[in-house]
Amino acid sequence: MAESSKKRRRTNTDDLPFKNKLKPDSTILQTLKDFSTSSSSSSSSSKTLTLQDLSLPFSCREVSDLSLSSVQSNIESLVLRIAHSILSGNGFAFDVPSRAATNQFYVPELDRIVLKDKSSLRPFANISTVRKSAITARILQLVHQLCIKGIHVTKRDLFYTDVKLFQDQIQSDTVLDDVSCMLGCTRSSLNVVAAEKGVVVGRLIFSDNGDMIDCTKMGMGGKAIPPNIDRVGDMQSDALFILLVEKDAAYMRLAEDRFYNRFPCIIVTAKGQPDVATRLFLKKMKMELNLPVLALVDSDPYGLKILSVYGCGSKNMSYDSANLTTPDIKWLGVRPSDLDKYKIPEQCRLPMTEQDIKTGKDMLEEDFVKKNPGWVEELTLMVKTKQKAEIQALSTFGFQYLSEVYLPLKLQQKDWL
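Residues numbered from 1 in each chain as written. Predicted model: local features only at pLDDT ≥ 70, side-chain atom pairs only at ≥ 80, totals over all residues. Heavy atoms only, no water.

## Some words on empty space enclosed by the protein
Counted under the stated rule, the structure contains 2 cavities of 30 Å³ or more. Taken together, Arg187, Ser188, Val192, Val193, Ala194, Pro227, Val276 and Ala277 form the lining of the largest cavity. At the level of secondary structure, the elements contributing two or more residues to the lining of the largest cavity comprise β7 (192-193) and α10 (276-289). Taken as a whole, the second largest cavity spans an internal volume of roughly 40 Å³. Considering the residues around the second largest cavity, the lining is formed by Val334, Asp338, Leu339, Tyr342, Ile344, Glu390, Ala393, Leu394 and Tyr406. (1 Å grid on protein atoms, 1.4 Å probe; cavity = no way out; pocket = protein on both sides within 12 Å on 5 of 7 lines; lining within 4 Å. Points joined across faces, edges and corners; volume = space filled by probe spheres on them. Helix = DSSP H or I, 4+ residues; strand = E, 2+ residues; numbered from the N terminus.)

In structure tokens form, the structure reads like this:
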């Protein structure tokens with residue numbers, strides 16, 4: 001009875017759609033090794049361009065990692081200038097870099113969004129800006145305290161120091177980015193971090209604050225990505241690629257199936273919208289391990305948006321795009337053309353809302369999308385068919401179809417953009 005049960009299960013697995021197209025794992029592994037080697041050699045031979053290497057018709061504002069003493073000194077210099085302004089009878093105003101969409105620019109040579117140098121005054125003696133000026137002064141005071149004490153706090157901690165003034169964490173978070181831009185330092189340099197969100201599992205060993213972490217031995221849940229990237233070091237790996245996954249559900253499936261043992265890789269997810277810690281961690285892995293990055297996201301405009309944040313940066317933090325963006329991420333799936341190619345049933349596809357369609361059309365106008373003809377073709381198909389699908393739509397063929405068939409076949413065919 002047990003034997004017939006085993007045979008039945010094996011037969012069901014063999015009947016999975018397109019599984020008969022799969023070649024032996026050894027053949028797929030050789031394809032991956034060749035891809036990893038060529039990707040590594042091209043990355044090593046190509047010089048990393050910076051803004052200073054380009055002759056842009058406008059100046060840009062970029063930040064850098066600063067020591068606590070430098071951040072403290074910058075805050076004190078800023079406050080001193082404000083004191084002089086008040087004593088001279090001019091009142092005071094903060095000169096805040098503009099992070100409006102009109103002050104953002106996509107640079108094709110760098111393949112990332114940068115912030116132009118336009119700024120605006122935030123005067124205290126103005127009814128429309130007085131509250132935001134007070135919040136800015138309070139954030140500067142709190143960051144100055146962190147510099148003196150040499151400790152880290154979360155953005156939530158910062159918000160709760162003055163709830164009546166901030167009212168909403170979005171307001172304190174927004175001003176925190178303003179302060180980072182004003183001081184010319186990364187947000188990490190302010191010693192204010194977000195709560196742990198991203199996780200990593202697979203063929204990676206690294207040190208976290210001196211403790212060696214083996215990500216193959218972290219169970220199904222993986223290792224939480226440290227909110228402070230300064231704690232991370234000594235990265236070692238025998239992986240052939242990094243698999244960036246949008247959703248926690250897909251990540252859990254791949255982690256439980258030990259996909260990283262069948263095809264040596266590192267699997268990472270921010271469980272949705274990319275946070276700063278995960279973006280920094282991905283960039284560090286890419287730079288130190290020199291591995292190609294393949295992305296698995298939902299087949300909808302927001303999946304592509306998430307992929308673009310990792311690759312080209314977010315407009316909200318364009319001032320720090322040099323540190324937060326990971327170059328040359330390949331779009332592995334799930335792509336709009338996959339819905340018909342893999343015969344995803346109609347009941348597993350979702351109709352796009354009017355907002356979805358508008359977002360898709362808006363993305364087609366973005367320069368970073370136009371630069372990649374494959375992205376344009378896929379996004380155009382999505383908007384035309386008005387259909388979207390989540391990664392979990394593949395589960396219609398079986399819960400393990402993602403790890404057993406879809407991804408191996410994608411890797412075998414080198415089917416990425």
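Let's pick the thread back up.
## Comments concerning the layout of surface pockets
Quantified by volume, the largest pocket comes out at close to 680 Å³. Lys47, Thr48, Leu49, Met287 and Pro327 are the residues nearest the centre of the largest pocket, which is lined by 25 residues in total. Elements supplying a minimum of two residues to the lining of the largest pocket: α2 (25-45) and α10. Examining the composition of the lining of the largest pocket, we find that 4 residues originate from one element, α2, more than from any other. Of the residues assigned to the lining of the largest pocket, the class counts are 6 nonpolar, 11 polar and 8 charged. (Nonpolar A, V, L, I, M, F, W, Y, C, P; charged D, E, K, R; others polar.)

## Focus: the nonpolar core
Counting residues in each nonpolar core, the largest one holds 51 residues, and the members touching the most others are Val200, Leu204, Phe206, Ile266, Phe281, Leu282 and Met285. For Leu204, the contacting residues outside a window of four places in its chain are Ile213, Asp214, Cys215, Met235, Gln236, Ser237, Ile266, Phe281, Met285 and Leu289. Among the nonpolar cores identified, the runner-up in size contains 41 residues, and Cys265, Leu296, Leu407 and Leu409 belong to it. (Core = buried A, V, L, I, M, F, W, Y, C linked by side-chain atoms within 4.5 Å. Buried < 20%, exposed > 50% of the residue type's maximum accessible area, 1.4 Å probe, protein only. Contact = heavy atoms within 4.5 Å.)

## Here we look at the packing of aromatic side chains
The description of two aromatic rings rests on the distance between their centres and on the angle between their planes. For the coordinates displayed, the defined rule picks out 12 aromatic pairs. Of the aromatic side chains, those joined through ring pairs into one cluster are Phe18, Tyr342 and Tyr406. In this structure, Lys116 is placed above the aromatic ring of Phe58, and the distance from its NZ or CZ to the ring centre is 5.2 Å. (Phe/Tyr/Trp six-rings, centres within 6.5 Å; stacked < 30°, edge-to-face > 60°. Lys NZ or Arg CZ within 6 Å of the ring centre and 35° of its normal.)

## Brief notes about the sheet that holds strand β9 (residues 205-208)
An order of β10-β9-β12 is seen for the 3 strands of this open sheet, with the pairing classed as antiparallel. The sheet is open, and its two edges are formed by β10 (211-214) and β12 (232-236), each paired on a single side. Here the strands of the sheet are splayed against their neighbours by 25° on average, with no regard to which way each runs. Where β9 lies against β10, 4 bridges are found, and the strand directions are antiparallel. Bridge pairing in β10 links Asp208 to Asp211. In the packing of α10 onto the sheet, contacts are made with β9 and β12, and the angle to β12 comes to roughly 45°. (Pairing = 2+ DSSP bridges. Axes fitted to C-alpha atoms, helices over the stretch in contact; angles between N-to-C directions.)

## Describing the packing of helix α14 (residues 354-364) against helix α16 (residues 373-385)
In contact at an axis separation of 10 Å, α14 and α16 are set at 155° when each is read in the N-to-C sense. Taken together, the axes of α14 and α16 are roughly antiparallel relative to one another. In the crossing of α14 with α16, the sense of the turn from one axis to the other is left-handed. Residue-level contacts link Ile357, Gly360, Lys361, Met363 and Leu364 of α14 to Val376, Leu379, Thr380 and Val383 of α16. Its residues assigned to classes, the contact of α14 with α16 shows 6 nonpolar, 2 polar and 1 charged. (Parallel < 35°, antiparallel > 145°, perpendicular 65-115°, else oblique. Left-handed = near helix turned anticlockwise from the far one by under 90°.)

## Examining the sheet that holds strand β4 (residues 112-116)
Reading across the sheet, the 3 strands line up as β1-β4-β3 and stay open at both edges, with antiparallel pairing between neighbours. Sheet topology places β1 (60-61) and β3 (104-107) at the edges, where each strand pairs with a single neighbour. Summarising the sheet, β3 and β4 pair through 4 bridges and their orientation is antiparallel. Residue pairing for β4: Tyr106 is matched across the bridge by Ile113.

## Re the side chain of Ser180
Of note, Ser180 is situated in helix α7 (residues 169-183). Here the side chain of Ser180 touches Cys185 through a polar contact of 2.5 Å, landing on its backbone oxygen. If we ignore the near neighbours within four places in the chain, the residues touching Ser180 are Val63, Cys185, Thr186, Arg187, Leu190 and Tyr319. (Polar contact = N/O pair within 3.5 Å; in protein donor to acceptor, adjacent residues only side chain to side chain.)

## Quick look at helix α11 (residues 301-312)
A rise of 1.5 Å per residue sets the reference length of α11, with its 12 residues, at 16 Å; its end C-alpha atoms lie 16 Å apart and thus fit the reference within 8%. Most of α11 sits out of view: 10 of its 12 residues are buried. Looking one or two residues beyond α11, the residue adopting positive phi is Gly313, at roughly 100°. (Expected span 1.5 Å × (residues − 1).)

## A look at the side chain of Arg335
Within the secondary structure, Arg335 sits in the loop between β16 (329-333) and α13 (336-341). Among the residues examined, Arg335 registers a relative accessible area of 4% and is labelled buried. A polar atom in the side chain of Arg335 sits 2.6 Å from the side chain of Asp415. With residues near it in sequence (within four places) discarded, Arg335 still touches Ser299, Glu378, Tyr406, Lys410, Asp415, Trp416 and Leu417.

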